[in-house]
Every structure is written in C-alpha cells, then in structure tokens.
Amino acid sequence: MSALAAARLGYRCHILTREHYSPAAQVSHAVTVGDYGDPAVLREFAAAVDVISFEFENVSAEGLDLLASLKPVRPSPSVLRISQDRIAEKTFVNGLGVATAPWRPVTTLEELEAAAATLGLPAVLKTTREGYDGKGQAMLRTPDDLAPAFERLAPKPLILEGFVDYAMEVSVIVGRGEDGSVSAFDTVENRHHDHILDLTLAPARIAVATDAAAQTIARDIAAGLDLIGLLAVEMFVGNDGQVLVNEIAPRPHNSGHWTIDACPMSQFELHIRAIAGLPLPPATRHADAAMKNLVGPEEAALWPRILAIPDLIPHLYGKEEARPGRKMGHVTRLFPKGALPGDFGVADSLGFLARRA
Ligand code: AMP
C-alpha cells in the first residue's frame, strides 16, 4: 500500500524482502529477495535506491545501521530500536512524561514474583521483543499462573504490565517531516478479536478532552523521537478518561488503513511524503469510516461474497497463503462525516461480515 502511494507520487519502489511473491513486490518497480541481515545484500540494495524505509519492526537494526551509513534511512535506526523493545519503548515514553500501564522488567521468576506483588494481579506478562497480535504474552490472574507463564514465554527478558481495565483502545497516526512539520489523522477506535485488530472506527467516539490528550501524546512522541516518517501510537482510554500509551510503531499501521478511502491523503501517502521530503498537508478526512480486517483462511474465503456487498470497498493484499491469524485484506465502509452509526449500525453496514463486530 505504501508502494502504491509512492507510485502515484511518481516514485518507483524497490522492495527488499525475505519472501518470494511478496504483496509489495507485486506492485513495485524492483524487488530483491534476500536476508536483511546479509551485508552484501544490503550494500547492493542501498546502491540501487535514494531513500530507505521499513514497514514492519522485525527487521535487523544492525542491518539498518549499515544501510544508514550508505543512504538516508527514515525513520532512523534509533527509532526502530526503541520500538523493537518494550523496555526501551516504555522508558522512552515515560521519560517524555507520558503515562503507560505500570510495568517492571522481569528476568527471573523471583523478579516476576516481586513485580506481581508490587503491581498486583491481574497483570500481563510480555516478551520485550518480537511480540505482536497477542503473541508472546500471557495473562496472569492468580499466583499459580506465574511460574508456567514464565516458563512458556521466550525469548527473555520479559516485562510485567499492570492490567488496564480500559474503556476503549484508540490510536493516532502521525507523520513528521525533516523540518519538524507534523500532520496527524483523527483519533480512531480499535476493536480486537483474539488479540488481532478486527475493526477500526473513525473517528473514535471519545470526549473532546480525551481526544486532545491522545493527539498531544502522539505529536509529543513523534517530536521526542525526532521522527522522520510515520508513527502509530496505540493507547488505552481508561474508564476515567485517562490516556495510557500501550505501544508505538514507526510505520504505517493497520488502524490507519481506512485513510486510503476516507482521506484525500492516506497514511501511506503521508509516510512517503515524510520520508521523501515533500510537504505534509493536514491529514484531513472527508468521511467517517469503519474498517474491518479479513483475517485467516476463514475470512479470506468470504471474498466472493464480500465483492457482492454494495458500498464495501474491498482490499486484498495478494498474500500467497492464508494462515490462521494472518491479515489477508480489509474492507472499508464510508459514512457521511459526523454520521458514523453506533455499534449496531456499523454491524448492519458490514452485513454478514459483522458477526464479530
Ligand atoms: P500488545 O501486543 O501490547 O499491543 O497487546 C495486544 C492486546 O492485548 C492489546 O491490544 C490489549 O487488548 C491487550 N493488552 C495488552 N496489554 C494490556 C494491559 N496492560 N492491560 C490490559 N490489556 C492489555
């Protein structure tokens, strides 16, 4: 989707990927299939391009360092490093004066017991690296849960987070240019199913002050990181309206896919503009939107029926294999601005797809 946005701006993308038949390669000018830990591959890739970015976090930071010695890498490897490690991420965010769930680093079972005693139960134990979509985490409800969860989760170290009894999960996607200019999309509301994003509603139905807090947090983190590129900030909104940062991702984000259809400039275009040094116009929205992910073989198989639903805007990613839990595509439904219906209305508008909405 970034490659498509880049093409529309007149750029040609060169994709470095480990995957044969990657979705990005299908719509790009050039592709290198290789290991992003291999210096020879990286040197050859850098020689072929003008500016380098990444669109998921589990790439090698050392590999990015090598690339950054050859060509501009945006966001910088230091931003990637912070987002790759939950301890670095929370330390950084808290250092800006921004609240997160209370947390403790955990390297031994004794430390876990001490952390659980301090933070209380329930709590969530997470790997510090390479966890996403609920992978690499365990909910601890009783003291008996501690030892088995500690045994199961790897790689260590881990982090224990106090459980947040939130009213809503929201996110803000912000772009920032080399000159410090910033453009942020409206705060959206995210619903998960089996720890995977299922539905995003734009805009989030939150109080004006809560919205302002979420927007300020996203902009402060982008500025604090000295970001050039795109950043998604996922947040919990507590029942009292308090906003806590859950995690940050310095790349286009699933909760911003609705922007392709509801905004003059999508998150992908904002990403490309930011890394290419183009002006960043305000991230406006001409419609309200509901975005529903198509996850795994089950939902991918609904494709022919999805195409027959009026007013659903379909997006299929061209992934080779539909594995359980894998995001295969999404659909967007637009509503007149200010007319995003309540939960039942959104469900109605998604037809048979809304069984979980
Ligand atoms: P994460 O991988 O950190 O984004 O967590 C995945 C999902 O687990 C989040 O979207 C929340 O629904 C839930 N979750 C994560 N951390 C917490 C927490 N500290 N308290 C409550 N729920 C959480």
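### Things to note about the overall build of the protein
Okay, so step 1: Each helix and strand counted, the protein has 14 helices and 15 strands in total.
Okay, so step 2: On C-alpha atoms alone, the protein measures out to a radius of gyration of 20 Å, which is about the 21 Å that the 2.2 N^0.38 rule sets for 357 residues.
Okay, so step 3: Referenced to the eigenvectors of the C-alpha coordinate spread, the extents of the protein come out at roughly 55 × 50 × 40 Å.
Okay, so step 4: Here the protein, with 357 residues, has 50% of them falling under the buried criterion.
Okay, so step 5: Relative to all contacts within the protein whose residues are 6 or more apart in sequence, the contacts with residues 24 or more apart total 60%.
Okay, so step 6: When the accessible surface of the protein is split by element, carbon and sulfur atoms take 54% of a total near 15,900 Å².

### Focus: the pattern of salt bridges
Close approach of charged atoms lets side chains of opposite charge pair.
Okay, so step 1: One pass over the structure, following the stated rule, counts 21 salt bridges.
Okay, so step 2: Notably, a salt bridge pairs Glu57 with Arg251, separated by 2.2 Å at the nearest N-O pair. Taken as a pair, Glu57 in the loop between helix H3 (39–48) and helix H4 (61–68) and Arg251 in the loop between strand S12 (243–249) and helix H10 (259–262) lie far apart in primary sequence, 194 residues in all. Of the two residues, Glu57 and Arg251, neither departs from the other in class, the shared state being buried.
Okay, so step 3: We note a salt bridge from Asp226 to Arg176, for which the minimum N-O separation is 3.2 Å. Residue Asp226 is found in the loop between helix H9 (208–224) and strand S11 (229–238), and its partner Arg176 is found in strand S7 (residues 166–176); the two are separated by 50 residues along the sequence.
Okay, so step 4: We classify Arg176 as buried; its relative accessible area is 11%.
Okay, so step 5: The network of salt bridges with common partners includes Glu189, Arg191, Arg205 and Asp343.

### Side note on H4
Okay, so step 1: Here H4 has its buried residues at Ala61, Gly63, Leu64, Leu66 and Leu67.
Okay, so step 2: Buried positions along H4 lie against H3 and helix H5 (77–84).

### Overview of the packing of aromatic side chains
Okay, so step 1: Tallied over the entire structure, the rule returns three aromatic pairs.
Okay, so step 2: Arranged with centres 6.5 Å apart and planes meeting at 70 degrees, the rings of Tyr36 and Phe56 form a pair that is edge-to-face. Taken as a pair, Tyr36 in the loop between strand S2 (30–33) and H3 and Phe56 in the loop between H3 and H4 lie far apart in primary sequence, 20 residues in all.
Okay, so step 3: According to the relative accessible area criterion, Tyr36 is buried, its value standing at 11%.

### Some details on the sheet that holds strand S5 (residues 137–140)
Okay, so step 1: Strands sit in the order S3-S6-S4-S5 across an open sheet of four strands; the sheet is antiparallel. Pairing within the sheet leaves two strands with one partner each, and these edge strands are strand S3 (103–106) and S5. Each strand axis lies, on average, 20 degrees off the axis of its neighbour in the sheet, ignoring direction.
Okay, so step 2: Relative to strand S6 (residues 158–162), strand S4 (residues 123–127) runs antiparallel, the two being bridged by five bridges. Residue pairing for S6: Lys126 is matched across the bridge by Ile159.
Okay, so step 3: Where helix H7 (residues 109–119) meets the sheet, it contacts S3, S4, S5 and S6, and its direction lies at approximately 170 degrees from that of S3.

### Notes on the site of the ligand
Okay, so step 1: Surveying the vicinity of the ligand reveals 16 residues, the closest of which are Lys126, Val164, Tyr166, Glu169 and Glu247.
Okay, so step 2: Between Asn246 and the ligand, the recorded distance is 3.0 Å, taken from a side-chain N or O atom to an oxygen atom.
Okay, so step 3: The separation between an oxygen atom of the ligand and a polar side-chain atom of Glu247 is 2.9 Å.
Okay, so step 4: With the chains in place, 94% of the 470 Å² that the ligand exposes on its own is no longer accessible.
Okay, so step 5: Elements represented by at least two residues in the shell around the ligand include exactly S4, S6, S7, S11 and S12.

### Quick look at the domain arrangement of the protein
Okay, so step 1: Partitioning the protein into structural domains gives domain 1 (2–73), domain 2 (102–162) and domain 3 (166–356).
Okay, so step 2: Distance from the C-alpha centre of domain 1 to the C-alpha centre of domain 3: 24 Å.
Okay, so step 3: Of the residues lining the interface, 16 residues belong to domain 1; the matching set on domain 3 comes to 18 residues.
Okay, so step 4: Counting each side, the surface lost to burial between domain 1 and domain 3 is near 1,400 Å², with a carbon and sulfur contribution of 59%.
Okay, so step 5: Interface area lost by domain 1 to domain 3 is led by Ser2, Leu9 and Glu57, which between them contribute 31%.
Okay, so step 6: Two residues, Arg326 and Glu19, come together in a salt bridge whose shortest N-O distance is 3.7 Å.
Okay, so step 7: Joining domain 1 to domain 3, the criterion identifies five residue pairs in polar contact (both at pLDDT 80 or more).
Okay, so step 8: The dominant element in the side of domain 1 that touches domain 3, judged by the number of residues it contributes, is helix H1 (residues 2–8), at four residues.
Okay, so step 9: For the side of domain 1 that touches domain 3, a count of residues per class yields nine nonpolar, three polar and four charged.

Rules and cut-offs
- Each chain has its residues counted from 1, following the order in which its sequence is written.
- In view of the model being predicted, local features appear only for residues whose pLDDT reaches at least 70, and side-chain atom pairs are presented and counted only at 80 or more, with totals across whole chains, interfaces and linings using the full set of residues.
- Side-chain metrics rest on all non-hydrogen atoms present in the structure, leaving aside hydrogens and water.
- Every helix listed is a DSSP run of H or I at least four residues long, and every strand listed is a run of E at least two residues long, numbered separately from the N terminus.
- To get the radius of gyration, use the C-alpha atoms; to get the globule rule, take the number of residues to the power 0.38 and multiply by 2.2 Å.
- Only protein chains enter the area calculation, which uses a 1.4 Å probe; residues under 20% of their type maximum are buried, those over 50% are exposed, and those in between are partly exposed.
- In this description, contact between two residues means that some pair of their heavy atoms is separated by no more than 4.5 Å.
- Only the protein chains shown count as cover for residues, with accessible areas throughout obtained via the Shrake-Rupley method and a probe of 1.4 Å.
- When a carboxyl oxygen of Asp or Glu is within 4 Å of a side-chain nitrogen of Lys or Arg, the pair counts as a salt bridge.
- Planes of paired rings set the category: under 30 degrees apart is stacked, over 60 is edge-to-face and the rest tilted, where pairs are Phe, Tyr or Trp rings (Trp by its six-membered ring) whose centres lie within 6.5 Å.
- Should DSSP find at least two bridges between two strands, the strands are regarded as paired.
- Note on method: axes are straight lines fitted to C-alpha atoms, helices fitted across the in-contact stretch only, with angles between N-to-C directions ranging 0 to 180 degrees.
- By convention in this text, a residue qualifies as near a molecule or strand provided that one of its non-hydrogen atoms is within 4 Å of it.
- Each polar contact in these results corresponds to two N or O atoms within 3.5 Å; when the atoms are within protein, one needs to be able to donate a hydrogen and the other to accept it, and residues that are neighboring in sequence are counted only if both atoms are side-chain atoms.
- The source of the domain bounds is an automatic or database domain assignment.
- The term buried area refers to how much accessible surface (probe radius 1.4 Å) is lost by two components on association, counted for both of them together.
- Classification used: nonpolar for Ala, Val, Leu, Ile, Met, Phe, Trp, Tyr, Cys and Pro, charged for Asp, Glu, Lys and Arg, polar for all others including Gly.

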